[in-house]
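Observations on the three-dimensional arrangement
Residues per chain are reported as follows:
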Amino acid sequence: GLTTAELGVAALEDGDFDEAEEWFRQAAKHLDRANARFDAPWVRMASVVPVVAQHHAAVTDMSRAGADGAHTVVAALDTIDLDELRPRNGKFDLEALARLEGPLRDVRDALVRIRGTAEASRSGWLVERATKELDDFTSSVDEHLPRIDNALAAVRMAPRLLGADGPRTYLMLFTTPSESRALGGFVGSYAELHADGGQLSVGPVDRSKTLDTRVLAARAAVENHAEFLRLYGRYGFDGRAVGDAAFRNVAMTPHFPTVADIAADLYAQTVGTEVAGVIAMDPFVTAQLLRYTGAVELPSLGIELDPFEALDFLLREQYVLGVDDEQRADGLGEAAKEAFDELLAGALPDPIELAQDLGPLASERRLLVWSADPEEQALLERVGIAGAVPDHDGSDGWAFTITNAGGNKIDS
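The following paragraphs examine the structure supplied in this document.

**Some thoughts on the overall build of the protein**
Scanning the protein for helices and strands turns up 15 helices and eight strands. Dimensions of the protein, computed from the C-alpha atoms along their principal axes, are close to 85 × 50 × 40 Å. Counting over 412 residues, the protein shows a buried share of 46%. Taking contacts inside the protein between residues at least 6 apart in sequence as the whole, the part at least 24 apart equals 67%. Carbon and sulfur atoms make up 52% of the accessible area of the protein, which totals about 20200 Å². Computed over 38 positive and 69 negative side-chain charges, the inter-centroid distance for the protein is 3 Å.

Structure (structure tokens):
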């Protein structure tokens, strides 16, 4: 019964709620049957026999707690409808998100109770095999509980991130490793993502070069980042105002919270818009998103971009089209805008599939997110999407990074 429950926990983590529900249903059946047998009158007599009594108590308690927990998990999973969590016409159902918190909390609490029973069942009288089984089970729960805790925290915070408390603007930075920066690639273009009461929309995608011209005219300056200025000031950040390539060079540091904070501040100084967070994504992420939408038209370039050819096009082919930079940038902006509009209109998969697809890209630092809110930022760091350089706890550290100061696209 406990082995079957472990399979249910693993399926839960993988996002297969239907499979998880079936495993927990089987676990409940096994554990109910076991508990009924252990509670029979002729078996209860074992409770007065030394050594045997400790084993009887352990299996009785574990089967009872395990069965109760498995039933709780089955009931919780039965109420979750992942399809409700997908956006429709660009809007997320905030009430559906809120309803997800209860079932997830029930699942988490059930696992904690079973784990507590497992710990309470330990005894110096238990044979090695029994102790090993308890060790295996508690280790499995300990491995998976933090991820469920993170999911629960994300569900609680999601409405706020989606503008439940008022309109929010996020700054989206599109980077590319075709021209290296320490963060991964230089910022080639940008857009605003708007959230208001669950309704999302993406503004026009424009070139960073155009934004840099506005930053220069506004005489925007980098403040409160002495280390960044010391290390990278010579790339256009020295002096009272930044140079003519602030956004294209802001990714000089591999520490994304610094990149995002500077970008948000420069954007506010230049455009007058306070942003709640910054999202950076490279062509690998864009190509994955295009697989949800299908091919997109690039009228400025007169081509149709196939999702399975998009990565090579974004990294290399776009630079050898034989068109001027403005025409090429306009085409890419059209593609990005059309793709995001289709995603928000309903092309996005359910959150579990999306997380499974984008999770590896976040681990590779191709998709990074920063929030101006400290509580939200703490969650982003816990789930591994914040792109922060690890804390050294006062020790020295070093990093090896590559930055292309030549302004060419040879790196791909």
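Next, the rest of the story.
**Regarding the pairing of strand β3 (residues 199-202)**
Side-chain alternation along β3 places L200 and V202 on a buried face and Q199 and S201 on a face that remains uncovered. As paired elements, strand β2 (residues 186-196) and β3 share four bridges and run antiparallel to each other. Bridge assignment links L193 to a residue of β3, and that residue is V202. Connecting β2 to the next strand, β3, in antiparallel fashion are two residues, including G197 with a positive phi near 60°.

**Here we look at the nonpolar core**
Among the nonpolar cores identified, the biggest contains 66 residues, and F24, L77, M281 and F340 are the most heavily contacted of them. No other element matches the 10 residues that helix α5 (residues 94-120) contributes to this core. In contact with F340, other than residues within four places in its own chain, are M172, F174, V202, M281 and L289. In this structure, F228, Y232, A263 and V275 belong to the second largest nonpolar core, which totals 31 residues.

**Observations concerning helix α7 (residues 208-218)**
Among all positions in α7, only S208, L211, D212 and V215 are buried. Viewed end-on, α7 has its buried residues packed into an arc of 105°, placing them on one side of the element. The outward face of α7, more than 90 degrees from its buried face, is lined by the exposed residues K209, T213 and A217. Along its buried surface, α7 packs onto β2, β4 (206-207), α9 (246-249) and α10 (256-271). R219 sits one or two positions beyond α7 and adopts a positive phi of about 55°.

**Some points on the pattern of salt bridges**
In total, this model carries 22 salt bridges according to the counting rule given. Residue R105 pairs with E101 through a salt bridge whose shortest N-O separation is 3.5 Å. A residue pair is termed a helical-turn pair when its members lie 3 or 4 positions apart in one helix, as R105 and E101 do in helix α5 at four residues. Using a relative accessible area of 33% as the deciding quantity, one classes R105 as partly exposed. Across the pair K409 and E179 runs a salt bridge, and its minimum N-O distance is 2.8 Å.

Scoring rules and cut-offs
- Residues numbered from 1 in each chain as written.
- Predicted model: local features only at pLDDT ≥ 70, side-chain atom pairs only at ≥ 80, totals over all residues.
- Heavy atoms only, no water.
- Helix = DSSP H or I, 4+ residues; strand = E, 2+ residues; numbered from the N terminus.
- Buried < 20%, exposed > 50% of the residue type's maximum accessible area, 1.4 Å probe, protein only.
- Contact = heavy atoms within 4.5 Å.
- Areas by Shrake-Rupley, 256 points an atom, 1.4 Å probe, with all protein chains shown as cover.
- Lys, Arg positive; Asp, Glu negative; His and termini not counted.
- Charge placed at Lys NZ, Arg CZ, Asp CG, Glu CD.
- Pairing = 2+ DSSP bridges.
- Core = buried A, V, L, I, M, F, W, Y, C linked by side-chain atoms within 4.5 Å.
- Arc of directions from axis to C-beta.
- Salt bridge = Lys/Arg side-chain N within 4 Å of Asp/Glu carboxyl O.

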